[in-house]
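# A closer look at the structure
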Amino acid sequence: MTSRVCLVHYHEIGLKGKNRSTFERQLITNLKRTLKGRSAHVERLAGYVRVHFEDEDVPADVPELISRVPGVARVSVAYRCEREPEQYNEAAIESLKACEPFQTFKVHGRRSNTDYPIHSIDLNRQVGAVLCDAFPDKKVQMHQPDVTVNVHVVQSDVYVYADATSMRGAGGLPVGTAGKVVTLLSSGFDSPVATWMVGRRGATCVPVHFSGRPMTSDASEWLTQDIVRALEPAGIVGRLYVVPFGECQREISLKAPQSLRVIMYRRLMFEVAQAVAELEGAKALVTGESLGQVASQTLDNITATNDVAKIPVFRPLIGTDKIEIIDRARRIGTYDISAQTAPDCCTLFMPRRPETHAHLDAVRRAWETFDHDAMVKHLMETIEYVDFDTCPSYRPPRELKTRHRELAPAEWPENSAE
């Protein structure tokens, strides 16, 4: 009996040693979460993960959803056949027919189980002969054909699919296999991409958004929630923290040297993010900084900000430019949200001429002109959070004495992208 299934391919996981099964189990858990509510069956095979649905074909949107899960290298909608030549030959014909128009093709046969009597070379010849008869006007081409028909014997079944109908996945490692990190998330282009990139390497991400409230509206907070929802298929975020930062910025602007304000803001953000990391048990901070992009991201100013960091700070975008970042934002689905304008803490009390090459001694003197420890304590007491049922690897900390910010859908602002 022939049926349609999604065959999930992975790459890096296959290179793991004795702990490979740990990565495979986490990938299966993450896939089940992404496909929750769809009656999907997700199972591990030899070198693959199989997704199938009872009494129905693969829904049209499922391959794209699966492709966005970190750890998935490629997803193919395949025919699942018994080890009967009549079945998989017919499936090969149907797979190739779906790839019209094309001129050249080849067959890639492979068996994962040596108990199947037909050798891989003979499998190629057998299926290739059938396809030549079915498509007499097409040519067999072994190097760079238009279409490759894959016929893989895996355990007790044969899977047939054309690579032209496969979809490239996010790659990387399953979320939940690399520990927890705290990311500084704004509603702009850079930090959502940085968050996704670290999540793609297996990290569970806990974003912290610094809002300009009460000096600005809360529009940026809603946009960051929309960003988290846009990243939902990747399953990298379980909780978003929101820090009302405006009052502290105002106080810093009155006490610190004007040219060093932005560095003072950034240092205070790092202190609060580290407090969240301690609360969450996270091992590193993540920012969306790109070297030289703005005044706070010069090498000297990054050094001045890092001076307060007690845990590693990851900057996955440090060597990228804005065009590359925007291109990635389009691909992960956050571009349209980030393109919306919203006032946030980045627009508050900005100096006319920010320092681009700050001296560390001067920065440390300015840091002592206000009570930053008291500010961190105050901000941690007023911090808010929103939980998302999107990340199976996220485990919340113990009871957090703060307000759980969550509004009913009718109360969402009109500029929300949801």
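The paragraphs below set out a description of the structure included in this document. Everything numeric here is computed off the predicted structure, so don't read it as measured data.

The rules we used
Residues numbered from 1 in each chain as written. Predicted model: local features only at pLDDT ≥ 70, side-chain atom pairs only at ≥ 80, totals over all residues. Heavy atoms only, no water. Helix = DSSP H or I, 4+ residues; strand = E, 2+ residues; numbered from the N terminus. Buried < 20%, exposed > 50% of the residue type's maximum accessible area, 1.4 Å probe, protein only. Contact = heavy atoms within 4.5 Å. Areas by Shrake-Rupley, 256 points an atom, 1.4 Å probe, with all protein chains shown as cover. Core = buried A, V, L, I, M, F, W, Y, C linked by side-chain atoms within 4.5 Å. Axes fitted to C-alpha atoms, helices over the stretch in contact; angles between N-to-C directions. Parallel < 35°, antiparallel > 145°, perpendicular 65-115°, else oblique. Left-handed = near helix turned anticlockwise from the far one by under 90°. Patch = residues over 30% accessible without salt bridge, like charges linked within 9 Å, V, L, I, M, F, W, Y side chains within 5 Å. Salt bridge = Lys/Arg side-chain N within 4 Å of Asp/Glu carboxyl O. Lys, Arg positive; Asp, Glu negative; His and termini not counted. Charge placed at Lys NZ, Arg CZ, Asp CG, Glu CD. Phe/Tyr/Trp six-rings, centres within 6.5 Å; stacked < 30°, edge-to-face > 60°. Lys NZ or Arg CZ within 6 Å of the ring centre and 35° of its normal.

We now examine the overall build of the chain. What the chain contains, in helices and strands, is 13 helices and 16 strands. Taking the principal axes of the C-alpha coordinates as reference, the chain spans close to 80 × 45 × 40 Å. Sorting the 418 residues of the chain into buried and exposed places 53% on the buried side. The contacts of the chain with a sequence gap of at least 6 include a subset with a gap of at least 24, amounting to 78%. Accessible surface computed for the chain: about 19300 Å², of which carbon and sulfur atoms make up 50%.

With that settled, the discussion passes to the nonpolar core. Ranked by internal contacts, the top residues of the largest apolar core, which has 73 residues, are Val182, Met264 and Leu268. The element contributing the most residues to this core is helix H8 (residues 261-280), with 11 residues. Those residues within four positions of Met264 in sequence are excluded, and the remaining contacts are Ile252, Ala256, Val363, Ala366, Trp367 and Phe370. Tyr79, Cys81, Ile118 and Val153 belong to the second-largest nonpolar core, a separate cluster that totals 24 residues.

The subject of this paragraph is unusual backbone geometry. For the bond from Glu100 to Pro101, the omega torsion is 0 degrees, close enough to zero to count as cis. Here Pro101 is to be found in the loop between helix H3 (85-97) and strand E5 (104-111). In the segment running from Arg213 into Pro214, the intervening peptide bond is cis, with an omega of 5 degrees. Along the chain, Pro214 falls in the loop between strand E11 (204-211) and helix H6 (219-230). At Gln144, a position not held by glycine, the phi torsion is positive, near 55 degrees. Among the secondary structure elements, Gln144 is positioned in the loop between strand E6 (139-140) and strand E7 (147-154). Given a relative accessible area of 75%, Gln144 falls into the exposed group. Positive phi, close to 55 degrees, is recorded for Gln155, a residue that is not glycine. Within the secondary structure, Gln155 is located in the loop between E7 and strand E8 (157-162). Judged by its relative accessible area of 34%, Gln155 is partly exposed.

Here we take up the packing of helix H7 (residues 246-255) against H8. As a packed pair, H7 and H8 sit with axes 10 Å apart at the nearest point and diverge in direction by 140 degrees. For the element pair H7 / H8, the angle class is oblique. Note on packing geometry: the crossing formed by H7 with H8 is right-handed. Mapping the contact onto sequence places Cys248, Gln249, Ile252 and Ser253 in H7 and Arg261, Met264, Tyr265 and Leu268 in H8.

Moving on to a negative patch on the surface. Residues Glu54, Asp55, Glu56 and Asp57 make up a contiguous surface patch of negative charge. Positionally, Glu54 belongs in the loop between strand E3 (48-53) and helix H2 (62-67).

Per the counting criterion, the structure on display carries 6 aromatic pairs. Both rings, one in Trp367 and one in Phe370, keep their centres 5.4 Å apart while their planes meet at 85 degrees; by these two values the pair is edge-to-face. A relative accessible area of 4% places Phe370 in the buried class. Ring-pair connections join several aromatic residues into one group, and the members of that group are Phe102, Phe105 and Phe135. We note Arg239 situated over the ring of Tyr385; from NZ or CZ to the ring centre the distance is 3.9 Å.

With that settled, the discussion passes to the pattern of salt bridges. When their charged atoms lie close together, side chains carrying opposite charge are able to pair. Scanning the entire structure with this criterion turns up 29 salt bridges. The shortest N-O distance in the salt bridge between Glu24 and Arg20 comes to 3.2 Å. Here Arg20 and Glu24 lie together in helix H1 (residues 20-34), a separation of 4 residues that amounts to about one turn. On the basis of relative accessible area, Arg20 is assigned to the partly exposed category, the value being 26%. With a shortest N-O distance of 3.4 Å, Asp389 and Lys36 are connected by a salt bridge. Here Lys36 lies in the loop between H1 and strand E2 (40-44) and Asp389 lies in the loop between strand E15 (384-387) and strand E16 (403-404), a separation of 353 residues in the sequence.

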